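What follows is the residue order along each chain.
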Amino acid sequence: MGGKVIQSARPGSKTFWLVLLVFVLLAILPLLYLFFGSFFPEGSFSLEAWRKILATETERVQLLHSAILGGLATLFALLLGGGTAWLTERTDLPMARALGPMALLPLLFPPIVVAMSFADLSTATGLPVVALLLGVSHAPFAAALTARGLRSIDGRLYESTLLARGRLRAELFLLRQCLADILAGALLVLVFVLSNHGVPEFFSVKKKSWFVYSEAVFLRWSAPGKPGSLRAAEAVASSAPLLLLIGLALLICLRARRKGTLVTVASDFRPLPLRALGRGKLPALLFALILPLLGIVMPLWRMLLWSAGSTANHGTSMQTAIESFRRVVTELSGDLGYTLGMAALAGGLVVLVALPLAWEAARRKPWIEALSLIPLAVPGVLLGVALVRLWNDPHLPLARLYDTPALLVAGYGTRFLPLGVLALANAARRLPASFDEAARLSGRGPVLRWLKIQGPLLLPTAVSVFILGYILSLRELDLAVILPPGNDMVPRRLANIVHFGNEDVGGALAVLLALGAALPILMRILLTGKAGRADL
Amino acid sequence: MTLRISELRFARKAFELGPIDLEAQGGRMLVLIGPSGGGKTTLLRLIAGLEAASGGSITLGDDLLTGPGTFVPAAARRVGFVFQGLALWPHMKALAQVRFAGKCGKKEATELLLRAGLPASLHKRLPGALSGGEAQRLAVARALAGHPRLLLLDEPLRSVDPHLRDGLQRTLRALAREGEHPTLCVTHDREEALALADDLVVLAGGRILERGRPSELCREPRHAFTARFLLRADILPLQGTGPKRGCALGSFSVPDWLQGEAALALRPGDLRIHQGDHSQSQPKAAPEAGPLPATPLPASTRPATPTTTAFPTKTLLAPVLDRHFDERGCLLDIEIEGQPFSLLLRPGEPIPDPGMQVRVGLDRTPLVVQADGGSE
Amino acid sequence: MRRGPLVLLGTVTLFLGTACSHKAESDVVLYCATDQHTAEKIVRLFEKETGIPVKARYDTEANKTVGLVTALMEEAKNPRADVFWNNEIIHTIRLGKAGILKPYDWPGAKGIEARWKDPKGRFAGFAARARVLIVNTEKLPDPKARPKSIWDLIDPRFKGKGVMARPLTGTTLTHVAALFQTLGEKEARRFLDGLKKNEVALAKSNGAVMRMVSAKEGPAFGLTDTDDFNVALRKGFPVIAVYPDQEGMGTFVIPNTVALIKGSPNPKNGKKLADFLCSARVEALLARSGSAQIPLHKGAEVPKEVRPLSSFKAATWDFAKAAEIMDKILPELRERFGI
């Protein structure tokens, strides 16, 4: 043992602090700087920009719309996603093993594609429709997190409540036990719904309008002022109400987090007993099919029809479809490859940065989860502008990377980091500290401990986080437009192609993009036989 | 190899541990007993280097592990630790766990597993595929891998079925005596403590209450907690402050060493039912039978201090609350001064029904102990 | 750095890897807000003819041209683009006012009338789109009963039959600002008030106007751009374009604009590309493309499907003043059309 070795009792925090510093410098500070700057329009202190927040009736109504739409869409997502998860995890639903993972598939298509497909089929419009479609598009978050919550409850706890208080109380107990997970899912749905302006706008073309606040924010950026101008300051300040809404939701989630000990992987654990559905089997099966039908079958079907020329007046033909796909493959395969590559790098970056942050969040610093949520809570355009200002500053070395994919990967990585931090922190919380301690006592170094102990145990969650970061990067449009290397990203091109009336090529591209998004899920199923939805 | 702990302190939020002074000899098993939350696990973690002490020192052999300005990291202490709940890595097979922990080859790991009593057919299994006892043996083997200079066991038999405990206890005793390393085990289970311990330390409220050989502590516990814990005694407070103090059962001399409040520690066999009138009984001077272990007790290392006292005692009427059986016979729950007490019926005695009143009195010299609240 | 040096190593490798993997250094950087499909062909032609590689960055019309204009504003301190090709004019004027554009004498656009160019030389207009009424001939079969003026949108005869894009962004916003500039506030507001009264549907874009009019149900006619109209035509829908107000103020025409960025990294090549873009050849290519843009060069050859500027009465409006007016009326328009 030799002489005296003096060391801090808390080793391993240096990596964390370094990563946190980089995250704060590259993502949080630029945003804070933007907000700070909004108090100094035209170079001097003024609250003018902030005074104009919600100053008009229109914006107030839009914010109200946002809140109502956010709430209703979240409710739909919880009902459909959470309901499907409950059926597949808790009951003897036929095909539960297949239907569970299928509840994740709506993530494969961007919400606007789901919306356009729906509009192809129905003239229904208005708030409930927008809420339903946004709910369907984001229900996978609710499904995955509800499934995770249900899997982490010890069946004996449920059974003891069942014996003591009856069925209803037992189910209520279950609900309370996985409330934190359900609310975490709801929070994610809410964040994504509140920042979406494309779908509400798409459906407001017909009579009843439901414009939302995110559109007001977006409109402010559509006539941007020079950096430092009052107009630019107003654009920044205008996102504050959305942040406030999300902050409120986050507060509720954090309060609901279970105080008791979590089920750890080493615990003596019994899964929840399955309930027999009896006569309810058929209705339950139909219910569980809603999400895959609306979220994947409908858009896939409509996009295939688009590729076959359904939007033109000539009718559809197989030849048109083949030609559409041929054009995409010959003209856009390079962009498609670039897009999938960028998304994969972004997913990887999310995992790498989230790991040390999540580890500390789980062990000692739960505030990191709230901090990491900021880049997702602000409108995409705001994050994009913040990144442009930082990475294009000629005095900083980052400017050399401005025009490279590194900026895009960093942008996506930052935006979707909270999903990684939330999921991995939850997974890390389930690893007893004694796992690492046992390895430390063996005299093993930190690298080997990560490789042999924590790494393999967090791997399923890390893979899920990677897949989520990858898929969400394929749906992100705002950053792809603002950040220069986003130019060749397919979602941006898809929006353009459809806008300029090339729906046949657009349909084929949307289908191929969805297939590309499904690649890692398919690979995972092939390799492990599991979709890993409860690993989030 | 000797482990020496001196003036060790630890504080976190409302919890305080120490000052602790302790010495554990190589080749012997020192068992720390006490209630949950008493600081047992924290003490083990401080020794292992998993927590940093706020004062005091820990020395193993000639090496200072923890002391002013010194903190040897856990990884460098060469300490084997069997965690409460075992902390077996769920994704690693039994043999791989031992190899990873001990940085050793397959042969050595296999031998260790066999020594810990895990048959070769189970070496390729994941922890989830092992029974409680098998997992326990794996945890012990893993802790012994890498030739630790100290072995720490935290509630080692907690997840083991009762009928498998004997075998494991034998293994643990053998392993503790085999090497030169001291073994520290913490538990809140008296059977386990008595079965494993060469030396016993009672820890409660973050402090050591008393220590000694198991036989001494069972024969002459000084503290109400020890009597309750080891002898299943019920405690009846004694009133007054002088050398003679009284209660419903009479008046008793208090030993010189006892400072502060005193109490009677009443083992189930100390009380008996008196038939007939209210006259005082003449109890026997020494116990005939009791809950003490049947094994011959080793020579005491404690100074001989009288804890028993001669008496004439009173009898009193006590309502029967309940009755039940265990390996000692039929036990009555009776009420004295508003508290439940256990009374062991003698063979052949009629068994009163709950709700009846019985006249009870002492049958043998009771133990006078320090009431709860003090420490060593 | 005790835990996870691998994490750091991975992150650094990732960044270096992506940094090194970026596409080859380009010799001219183009920010292009026009339809990528059309623009790419022209860019490729430039590359082929000059051997100068172009790094082109395109906008997303669906995002209302937010991206590139915002980026140009934000990049002003350290400009990345050499040339900005905008599919409209107002944002270009705005960038000029913000001091982001570099004056130039535009030799390539000599054949284009001065009224399409910035007096200070900060941009040149070329290849225009007209703001036309797209009319579904099946929904309005009688040629005499078809609308002829934008005022027909608020004519009770067409109550509930018209559609236009919300005038909050794009060419529709420009169009409304131009109305304020040419007609005066009172008349322009009468038009806006009339839209609501006459139950004119509000679409999210000109493309949506085209789709709604082309569909079997819904509005019978709407105000849109010629390029969107051409999409409907190409797709075989029963639609015609009416160039409105031929007996009044004329049809509004909105040109593409090209501008050089001040302090840009490749100014020489930037000029070459800018000259090329506003040339008669490119105008001819744009006229023949799917978007059927109207050439502004005098005497330019015009394909059959495009109506030359000389064949209809174009409204005369002052771009710079309209841009100023737009900034003033935007809050009002948001209040009117935001919900």
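Since the structure is predicted, the reported quantities are computational estimates derived from the model, not experimental observations.

A. Looking closely at the overall build of chain B. For chain B, the count of helices and strands is eight helices and 21 strands. Burial analysis of chain B (376 residues in total) assigns 55% to the buried set. For chain B, long-range pairs separated by at least 24 residues make up 71% of all intrachain contacts whose partners lie at least 6 apart in sequence. In the structure as shown, chain B presents an accessible area of about 15,900 Å², 52% of it carried by carbon and sulfur atoms.

B. Structural detail: the pattern of salt bridges. Per the counting criterion, the structure on display carries 56 salt bridges over all chains. Taking the shortest distance from any N to any O, the salt bridge between B:Glu7 and B:Arg9 comes out at 3.9 Å. Across the pair B:Glu220 and B:Arg219 runs a salt bridge, and its minimum N-O distance is 3.8 Å. Looking at B:Glu220, the relative accessible area reads 22%, which means it is partly exposed. Classification of B:Arg219 as partly exposed rests on a relative accessible area of 31%. It is possible to trace a salt-bridge network through shared partners that takes in C:Glu185, C:Arg189, C:Asp193, C:Glu332 and C:Arg336.

C. Structural context of the domain arrangement of chain A. All names here are of chain A. Assigned domains of chain A: these are domain 1 (13-39 + 321-536) and domain 2 (47-257 + 279-307). At the interface, 49 residues of domain 1 touch 50 residues of domain 2. Taken together, the connections running from domain 1 to domain 2 amount to zero salt bridges. Scanning the region where domain 1 abuts domain 2 turns up six residue pairs in polar contact (both at pLDDT 80 or more). Breaking the side of domain 1 that touches domain 2 down by element, the ones donating at least two residues are helix H1 (13-37), helix H15 (318-363), helix H16 (367-377), helix H17 (380-391), helix H18 (405-429), helix H20 (446-473), helix H22 (490-499) and helix H23 (503-528). Per-element accounting of the side of domain 1 that touches domain 2 gives the leading share, ten residues, to H23. Tallied by class, residues from the side of domain 1 that touches domain 2 come to 34 nonpolar, five polar and ten charged.

D. Just the packing of H18(A) against H20(A), in detail. Residue and element names in this part refer to chain A. At a minimum axis separation of 9 Å, H18 and H20 run at an interaxial angle of 155°. As summarised for this structure, H18 and H20 are arranged roughly antiparallel, according to the angle between their axes. Here H18 runs over H20; the crossing is right-handed. Contact residues: Tyr-412, Phe-416, Leu-419, Gly-420, Ala-423, Leu-424, Ala-427 and Ala-428 in H18; Leu-458, Thr-461, Ala-462, Val-465, Leu-468, Gly-469, Leu-472 and Ser-473 in H20. Its residues assigned to classes, the contact of H18 with H20 shows twelve nonpolar, four polar and no charged.

E. How the structure looks around the interface of chain A and chain B. Every contact between the two is made by 23 residues of chain A and, on the other side, 31 residues of chain B. When the two sides are added together, the surface that chain A and chain B hide from each other amounts to roughly 2,400 Å², 66% of it contributed by carbon and sulfur. Taken together, the connections running from chain A to chain B amount to five residue pairs in polar contact (both at pLDDT 80 or more). Broken down by secondary-structure element, the contributors of at least two residues to the side of chain A that touches chain B are helix H19 (433-441) and H20 of chain A. Of all the elements, H19(A) adds the most residues to the side of chain A that touches chain B, at seven residues. Along the lines of polarity and charge, the residues of the side of chain A that touches chain B split into 13 nonpolar, five polar and five charged.

F. Region of the structure containing the confidence of the model for chain B. Residues with a pLDDT of 70 or more make up 89% of chain B, whose mean pLDDT is 83. Confidence drops under pLDDT 50 across residues 277-310 of chain B; counting only partners more than four residues distant or on other chains, this segment forms 66 contacts.

G. Local environment of the nonpolar core. Counting residues in hydrophobic clusters, the biggest one holds 251 residues, and the most contacted among them are A:Leu357, A:Trp391 and B:Leu43. Looking at which element gives the most residues to this core, the answer is H15(A), with 19 residues. Core analysis: the next-biggest nonpolar cluster, separate from the first, contains 116 residues, C:Met73, C:Ile100, C:Ala203 and C:Val282 among them.

H. Quick look at the confidence of the model for chain A. Residue and element names in this part refer to chain A. With 92% of its residues at a pLDDT of 70 or more, chain A shows a mean pLDDT of 84. Per-element confidence in chain A is highest for helix H14 (residues 281-307), whose mean pLDDT is 93, and lowest for helix H11 (residues 213-222), whose mean pLDDT is 74. Predicted confidence is poor over residues 1-11, with pLDDT under 50, and the contacts of this stretch with residues over four places away or in other chains come to 25 contacts.

I. Looking closely at a nonpolar patch on the surface. Residues and elements named next belong to chain A. The grouping of Tyr-33, Phe-36, Phe-40, Phe-45 and Leu-47 at the surface amounts to a nonpolar patch, some 540 Å² of accessible area in total. Residue placement: Phe-40 occurs in the loop between H1 and helix H2 (48-51). Overall, the relative accessible area of 32% leaves Phe-40 in the partly exposed class.

Analysis parameters
- Residues numbered from 1 in each chain as written.
- Chains lettered and ligands numbered in written order.
- Predicted model: local features only at pLDDT ≥ 70, side-chain atom pairs only at ≥ 80, totals over all residues.
- Heavy atoms only, no water.
- Helix = DSSP H or I, 4+ residues; strand = E, 2+ residues; numbered from the N terminus.
- Buried < 20%, exposed > 50% of the residue type's maximum accessible area, 1.4 Å probe, protein only.
- Contact = heavy atoms within 4.5 Å.
- Areas by Shrake-Rupley, 256 points an atom, 1.4 Å probe, with all protein chains shown as cover.
- Salt bridge = Lys/Arg side-chain N within 4 Å of Asp/Glu carboxyl O.
- Domains from an automatic or database assignment.
- Polar contact = N/O pair within 3.5 Å; in protein donor to acceptor, adjacent residues only side chain to side chain.
- Nonpolar A, V, L, I, M, F, W, Y, C, P; charged D, E, K, R; others polar.
- Axes fitted to C-alpha atoms, helices over the stretch in contact; angles between N-to-C directions.
- Parallel < 35°, antiparallel > 145°, perpendicular 65-115°, else oblique.
- Left-handed = near helix turned anticlockwise from the far one by under 90°.
- Buried area = accessible area lost by both parts, 1.4 Å probe.
- pLDDT = per-residue confidence, 0-100.
- Core = buried A, V, L, I, M, F, W, Y, C linked by side-chain atoms within 4.5 Å.
- Patch = residues over 30% accessible without salt bridge, like charges linked within 9 Å, V, L, I, M, F, W, Y side chains within 5 Å.

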